[in-house]
Amino acid sequence: MNVLRSRRPTTEVSAEFPARSGEDPIESKERHRAVQAALLELSIEYREVVVLRHFTDLSYDDIATTLGIPAKTVKSRLYSARQQLGALLVDWRSSNGV
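Keep in mind the model is a prediction, meaning the values are calculated, not measured.

**Some words on the packing of helix 3 (residues 44-55) against helix 4 (residues 60-67)**
In the contact formed by helix 3 and helix 4, the axes pass within 10 Å of each other and the chain directions differ by 135°. Considered as vectors, helix 3 and helix 4 are oriented oblique to each other. With respect to the hand of their crossing, helix 3 and helix 4 are arranged in right-handed fashion. Taken together, the residues of helix 4 that come into contact with helix 3 (itself represented by Glu48, Val49, Leu52 and Arg53) are Tyr60, Ile63, Thr66 and Leu67. For the contact of helix 3 with helix 4, a count of residues per class yields five nonpolar, one polar and two charged.

Dropping the structure here:
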């Protein structure tokens, strides 16, 4: 396990959406805008856990401490938020042929 763990890449991951190889930069910006718009449609409770988890890379326990809620509530809100984001973005994906 330690050998496998030591082989993990250590490069930082950008908060920006990386362009896929051969992908149009305009499409990448459109995807970024669509995700941002979908995030703004979420309730504040869902939006804050998504932002803290995926954009600031906090652990479930850190998010729970920050928001003053149980870690199980964090997990539940993240699940529901991801489901809602998927539903909000399905139209964008189908209209862009993704």
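What follows continues from the structure just given.
**Structural notes on helix 3**
If you check helix 3, its first and last C-alpha atoms are 15 Å apart, about what twelve residues at 1.5 Å a residue would give, namely 16 Å. Taken together, the buried positions of helix 3 are occupied by Val49, Val50 and Leu52. One or two residues past the end of helix 3 sits aspartate 57, with phi positive at roughly 60°.

**Side note on the packing of aromatic side chains**
By the definition in use, this model includes zero aromatic pairs. Here arginine 53 stacks its cationic end above the ring of tyrosine 60, 4.7 Å away from the centre of that ring.

**A few points about the nonpolar core**
In this structure, Leu39, Leu42, Val50, Val74 and Leu85 are the most contacted members of the largest nonpolar core, which totals 16 residues. Listed by contribution, the elements that provide at least two residues to this core are helix 2 (25-41), helix 3, helix 4 and helix 5 (71-95). For this core, the element with the most residues is helix 5, which contributes five residues. Non-local contacts of leucine 39, meaning those with residues more than four positions away in its chain, are made with Arg47, Val50, Phe55 and Leu85.

**Overview of unusual backbone geometry**
With a phi close to 60°, aspartate 57 is a non-glycine residue in the positive phi region. Note on placement: aspartate 57 falls in the loop between helix 3 and helix 4.

**Considering the environment of alanine 81**
Tracing the sequence through the fold places alanine 81 in helix 5. Ignoring sequence-local partners within four residues, the contact set of alanine 81 consists of Leu42, Tyr46 and Val50.

What counts, and at which threshold
- Residues numbered from 1 in each chain as written.
- Predicted model: local features only at pLDDT ≥ 70, side-chain atom pairs only at ≥ 80, totals over all residues.
- Heavy atoms only, no water.
- Axes fitted to C-alpha atoms, helices over the stretch in contact; angles between N-to-C directions.
- Helix = DSSP H or I, 4+ residues; strand = E, 2+ residues; numbered from the N terminus.
- Parallel < 35°, antiparallel > 145°, perpendicular 65-115°, else oblique.
- Left-handed = near helix turned anticlockwise from the far one by under 90°.
- Contact = heavy atoms within 4.5 Å.
- Nonpolar A, V, L, I, M, F, W, Y, C, P; charged D, E, K, R; others polar.
- Expected span 1.5 Å × (residues − 1).
- Buried < 20%, exposed > 50% of the residue type's maximum accessible area, 1.4 Å probe, protein only.
- Phe/Tyr/Trp six-rings, centres within 6.5 Å; stacked < 30°, edge-to-face > 60°.
- Lys NZ or Arg CZ within 6 Å of the ring centre and 35° of its normal.
- Core = buried A, V, L, I, M, F, W, Y, C linked by side-chain atoms within 4.5 Å.

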